[in-house]
Amino acid sequence: GEHVIFSNSGSQQVIFNNSPSRYWTIDGIDMTGGINGCRLSGSSAAAHHHISFLNCIMRSMNPGIPIEASGASDIEVLTCTLRDSGSNGFEHGIYAARYSQRWLVKFCTIYNISGYGLHFYDDTVLPIDCKLLSNHTYSCGSAGVIAYGSGHLIANGISRLNGTNG
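Residues numbered from 1 in each chain as written. Predicted model: local features only at pLDDT ≥ 70, side-chain atom pairs only at ≥ 80, totals over all residues. Heavy atoms only, no water.

## A few points about the overall build of the protein chain
No. 1: On a plain count of helices and strands, the protein chain comes out with zero helices and 19 strands.
No. 2: For the protein chain, whose C-alpha radius of gyration is 14 Å, the value lies close to the compact-globule estimate of 15 Å for 166 residues.
No. 3: For the protein chain, the spread of C-alpha atoms along the three principal axes comes to 35 × 35 × 30 Å.
No. 4: Expressed as a percentage of the 166 residues in the protein chain, the buried residues total 47%.
No. 5: Intrachain contacts of the protein chain at a sequence separation of at least 6 include 68% that bridge at least 24 residues.
No. 6: When the accessible surface of the protein chain is split by element, carbon and sulfur atoms take 49% of a total near 7500 Å².
No. 7: Placing the 9 positive and 11 negative side-chain charges of the protein chain at their respective mean positions leaves the two points 3 Å apart. (Helix = DSSP H or I, 4+ residues; strand = E, 2+ residues; numbered from the N terminus. Rg over C-alpha atoms; globule rule 2.2 N^0.38 Å. Buried < 20%, exposed > 50% of the residue type's maximum accessible area, 1.4 Å probe, protein only. Contact = heavy atoms within 4.5 Å. Areas by Shrake-Rupley, 256 points an atom, 1.4 Å probe, with all protein chains shown as cover. Lys, Arg positive; Asp, Glu negative; His and termini not counted. Charge placed at Lys NZ, Arg CZ, Asp CG, Glu CD.)

## As for the pattern of salt bridges
Any two side chains of opposite charge can pair, on the condition that their charged atoms come close.
No. 1: Enumeration according to the criterion identifies five salt bridges in this entry.
No. 2: One salt bridge connects Asp30 with Arg59, and the closest N-O pair in it is separated by 2.7 Å. Linking Asp30 in strand E4 (residues 29-33) with Arg59 in strand E7 (residues 57-59), this pair joins segments that are 29 residues apart in sequence.
No. 3: Relative accessible area serves as the criterion here: at 3%, Asp30 is assigned to the buried category.
No. 4: A salt bridge links Asp74 to Arg102; its shortest N-O distance comes to 2.9 Å. Linking Asp74 in strand E9 (residues 72-78) with Arg102 in the loop between strand E11 (94-96) and strand E12 (104-106), this pair joins segments that are 28 residues apart in sequence.
No. 5: By relative accessible area, Asp74 is classed as partly exposed at 22%. (Salt bridge = Lys/Arg side-chain N within 4 Å of Asp/Glu carboxyl O.)

## Quick word on the packing of aromatic side chains
No. 1: What the rule picks out here adds up to three aromatic pairs.
No. 2: Each ring, one from Tyr111 and one from Tyr138, has its centre 4.9 Å from the other, and the planes form 5°; the classification is stacked. Of the two residues, Tyr111 sits in strand E13 (residues 109-113) while Tyr138 sits in strand E16 (residues 136-138), which places them 27 residues apart along the sequence.
No. 3: Tyr111 gets classed as buried once you look at its relative accessible area, which sits at 17%.
No. 4: Residue classification places Tyr138 among the buried positions, given a relative accessible area of 18%.
No. 5: Consider the rings of Tyr121 and Tyr148, whose centres lie 4.7 Å apart with planes at 65°: the pair is edge-to-face. Of this pair, Tyr121 sits in the loop between strand E14 (118-120) and strand E15 (131-133) while Tyr148 sits in the loop between strand E17 (145-147) and strand E18 (153-155), and the two are 27 residues apart along the sequence. (Phe/Tyr/Trp six-rings, centres within 6.5 Å; stacked < 30°, edge-to-face > 60°.)

## As for the nonpolar core
Among soluble globular proteins, nonpolar side chains are generally buried collectively.
No. 1: Of all hydrophobic cores here, the largest spans 30 residues; its most connected members are Phe53, Val77, Ile94, Trp103, Val105 and Phe120.
No. 2: For this core, the elements supplying multiple residues, two or more each, are E4, strand E5 (36-40), strand E6 (48-54), strand E8 (65-69), E9, E11, E13 and E14.
No. 3: With three residues, the single largest contributor to this core is E9.
No. 4: Beyond its immediate chain neighbours, meaning those up to four positions away, Ile94 contacts Ile67, Val77, Leu82, Trp103, Val105, Gly117, Leu118, His119 and Phe120. (Core = buried A, V, L, I, M, F, W, Y, C linked by side-chain atoms within 4.5 Å.)

Printed below as a string of structure tokens:
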């Protein structure tokens, strides 16, 4: 098969959508550079839903966040590598913010991120019912995994050599 690389040396996101998006599958894409790999911005629950990232590589987003979302439900991030991104403690590997629910992040490797590896948090509406399974986070500037909210399942992962906490 083909290997597709989206390379962005500018100050734009590789994928950005603030209009409702549904039923996307992004499979085997290498996203390199720019300020974000994928940013989904929604102001209500399920503005974006049923979006899958499969076998992707997201790297070298400085400054930037490989996956950032709000208003995103039923999101899958499976067997992806997120690395070498961010320029400060507020830029994470995956940042699921307000109105995020029912995410599945599984079999991912996340490293050399300036902030948290996986950050599920918001100061207004906390994420709920997310599963973070069998991921490996290491060499992140802050913690490897932080998940606020309720109903989460975090299991079988390895989090090591991070700046603060697991």
